[in-house]
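Remarks on the overall topology
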Number of protein chains: 2
Amino acid sequence: MIELVILDVDGTITDQNRIISTKAIESIRAAEQNGTVVSLISGNVIPVMYALKIFLGINGPVFAENGGVEFNTDITPFFTIDEPMRFYKKLLELNLCEGILTNAWRYCSVGYFPKDEKVDKIYELSKGYNVELTDSGFSWHILNRGQNKGYAIRKLIEEFSLSPDKILVCGDSLNDIPMFSLPVKKAVPNNARQELKSMANYISQKDHGDGIADILSRISSF
Amino acid sequence: MIELVILDVDGTITDQNRIISTKAIESIRAAEQNGTVVSLISGNVIPVMYALKIFLGINGPVFAENGGVEFNTDITPFFTIDEPMRFYKKLLELNLCEGILTNAWRYCSVGYFPKDEKVDKIYELSKGYNVELTDSGFSWHILNRGQNKGYAIRKLIEEFSLSPDKILVCGDSLNDIPMFSLPVKKAVPNNARQELKSMANYISQKDHGDGIADILSRISSF
């Protein structure tokens, strides 16, 4: 019996243009009314996740910056921004990237768009720093090494003494792999990357928010 | 014919617990598909309004901090935080209020909860500062004098050379009065304060998001 569902946001409860699915919202509310706690996790920033928690009426904690910061009643960063910022400044100095608007509200990561397909060059340079890079499908992020969605879910499992097999995670992109690597249940909408589909217990035939509504309607079968 | 609709957020497209109405979201999307531009305005902070613009897919600019900051493609504050912060520090020194979480993300206002019904005392003190106070119904805000929702709508009218009679504003609380005082069309959900109902061209029989869905379905009649 699933007690906690952790959902990625962009591409999972939104479409490819980041428009949130009202079907997904209604299915989240129905799941919570049936006693399942829902959490959200994203590469986006804490005030954006705070907004989703408030406006969607989500009972679980929410995680921003790929799992680097938690908001439940207070904001708890698990890392600092020092090392990601040191690498980001090097990239700017070498004119390899552009920053993103939400960097104003980050606690432990930096978002960027690589310039002129400089992805490989940026990866190579990152080896000299204590960082890791990830692509949310909407922008790239510089994170502290070990800062990923799997880290946050392990924190959550500890904090609430949860049994991993009572947790269901849903996502669509490469930055969801660290949480898909845990011994939890996994489900994906049909638009998910093949890498995630190959790890999933259930693949919905439907995309994005319709897929999440489908998954949440079957939650008793996981 | 209404070309632009400006909606308050808390209590207007959300219920009294700040849960967003999926009916309101669907009606906003339908209005925009029919060629009406929708904007949002709130006492809340820019990253929260940014989140609503992105996830709801709103075409118009959004305004935070009671009209003190605009986000369209960039963030444009119309005021500074200096004077609200000076008054807020005095209130803290006198132990008259507590701050709110979103103060970390404010550009030109400060949010607070008055302690022990100290509302009148705070009002009295504020006369010595170049600020005004407002109650969103969810928290209190210290603003620069002249910083209100009416100021932001006048900015919008100038910026886009709009005709005021082609603008419809909707809100429910006292901080909506400055935009209801402009020569624009006004509509309210049934939960609106009496002060706003008495200024409105149309009062929906329905509350909150259901009221907004009702109002937007009648937009051709305004």
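Owing to the predicted nature of the structure, the values given are computational and were not obtained by experimental measurement.

Scoring rules and cut-offs
- Residues numbered from 1 in each chain as written.
- Chains lettered and ligands numbered in written order.
- Predicted model: local features only at pLDDT ≥ 70, side-chain atom pairs only at ≥ 80, totals over all residues.
- Heavy atoms only, no water.
- Domains from an automatic or database assignment.
- Contact = heavy atoms within 4.5 Å.
- Buried area = accessible area lost by both parts, 1.4 Å probe.
- Salt bridge = Lys/Arg side-chain N within 4 Å of Asp/Glu carboxyl O.
- Polar contact = N/O pair within 3.5 Å; in protein donor to acceptor, adjacent residues only side chain to side chain.
- Helix = DSSP H or I, 4+ residues; strand = E, 2+ residues; numbered from the N terminus.
- Pairing = 2+ DSSP bridges.
- Axes fitted to C-alpha atoms, helices over the stretch in contact; angles between N-to-C directions.
- Least-squares fit on C-alpha atoms with pLDDT ≥ 70 in both.
- Buried < 20%, exposed > 50% of the residue type's maximum accessible area, 1.4 Å probe, protein only.

**Brief notes about the domain arrangement of chain A**
All names here are of chain A. Domains assigned within chain A are domain 1 (4–78 + 147–221) and domain 2 (82–144). Placing a centre on the C-alpha atoms of domain 1 and another on those of domain 2 gives a separation of 24 Å. Contact with domain 1, which involves 20 residues of that partner, is made by 14 residues of domain 2. In total, domain 1 and domain 2 occlude about 1400 Å² of area from one another, counting both sides; carbon and sulfur atoms represent 59% of this. Its largest share of buried area at the contact with domain 2, domain 1 owes to V45, E65 and Q147, together 39% of the area lost on that side. If you look at where domain 1 meets domain 2, you find zero salt bridges. Taken together, domain 1 and domain 2 are joined by six residue pairs in polar contact (both at pLDDT 80 or more). Going through the elements one at a time, helix 2 (46–56) and strand 5 (75–77) are the ones with two or more residues in the side of domain 1 that touches domain 2.

**Digging into the sheet that holds strand 6 (residues 97–99) of chain B**
Through backbone hydrogen bonds, the strands of a sheet pair up, either in parallel or in antiparallel fashion. Residue and element names in this part refer to chain B. Strand order across the open sheet formed by four strands is 6-7-9-8, with antiparallel pairing between neighbours. A single partner strand is all that each edge strand has here, and the edge strands are strand 6 and strand 8 (131–135). On average, each strand axis in the sheet is tilted by 35° relative to the strand beside it, whichever way the strands run. As paired strands, strand 8 and strand 9 (residues 140–144) are joined by five bridges and run antiparallel to one another. Paired with E132 across the strands is L143, a residue of strand 9.

**Points about the relation of the copies chain B and chain A**
With an axial shift of 0.0 Å and an RMSD of 0.0 Å, the rotation relating chain B to chain A amounts to 180°. Look at the turn and shift together and you get a two-fold axis relating the two. Most of the interface of chain B is mirrored in chain A, where 100% of its interface residues are also at the interface.

**Regarding the interface of chain B and chain A**
Each partner contributes residues to the interface: chain B has 27 residues there, and chain A has 27 residues. Between chain B and chain A the total buried area reaches about 2300 Å² when both faces are included, carbon and sulfur atoms providing 74% of it. It is Y50, F55 and W105 of chain B that lose the most area in chain B upon contact with chain A, and together they represent 29% of the buried surface on that side. Run the count over chain B and chain A and you get zero salt bridges. At the boundary of chain B with chain A, the tally comes to six residue pairs in polar contact (both at pLDDT 80 or more). Sorting the residues of the side of chain B that touches chain A by element identifies helix 1 (22–33) and helix 2 (46–56) of chain B as the ones contributing at least two each. The element that contributes the greatest number of residues to the side of chain B that touches chain A is helix 2 of chain B, accounting for nine residues.

**Considerations on the pattern of salt bridges**
Counted by the stated rule, this structure contains 20 salt bridges over all chains. The partner of R218 of chain A in a salt bridge is D214 of chain A, with the nearest N and O atoms 2.6 Å apart. According to the relative accessible area criterion, R218 of chain A is partly exposed, its value standing at 39%. The partner of K149 of chain B in a salt bridge is D176 of chain B, with the nearest N and O atoms 2.7 Å apart. In this pair, K149 of chain B sits in helix 5 (residues 149–159) while D176 of chain B sits in the loop between strand 10 (167–170) and helix 6 (177–180), placing the two residues 27 residues apart along the sequence.

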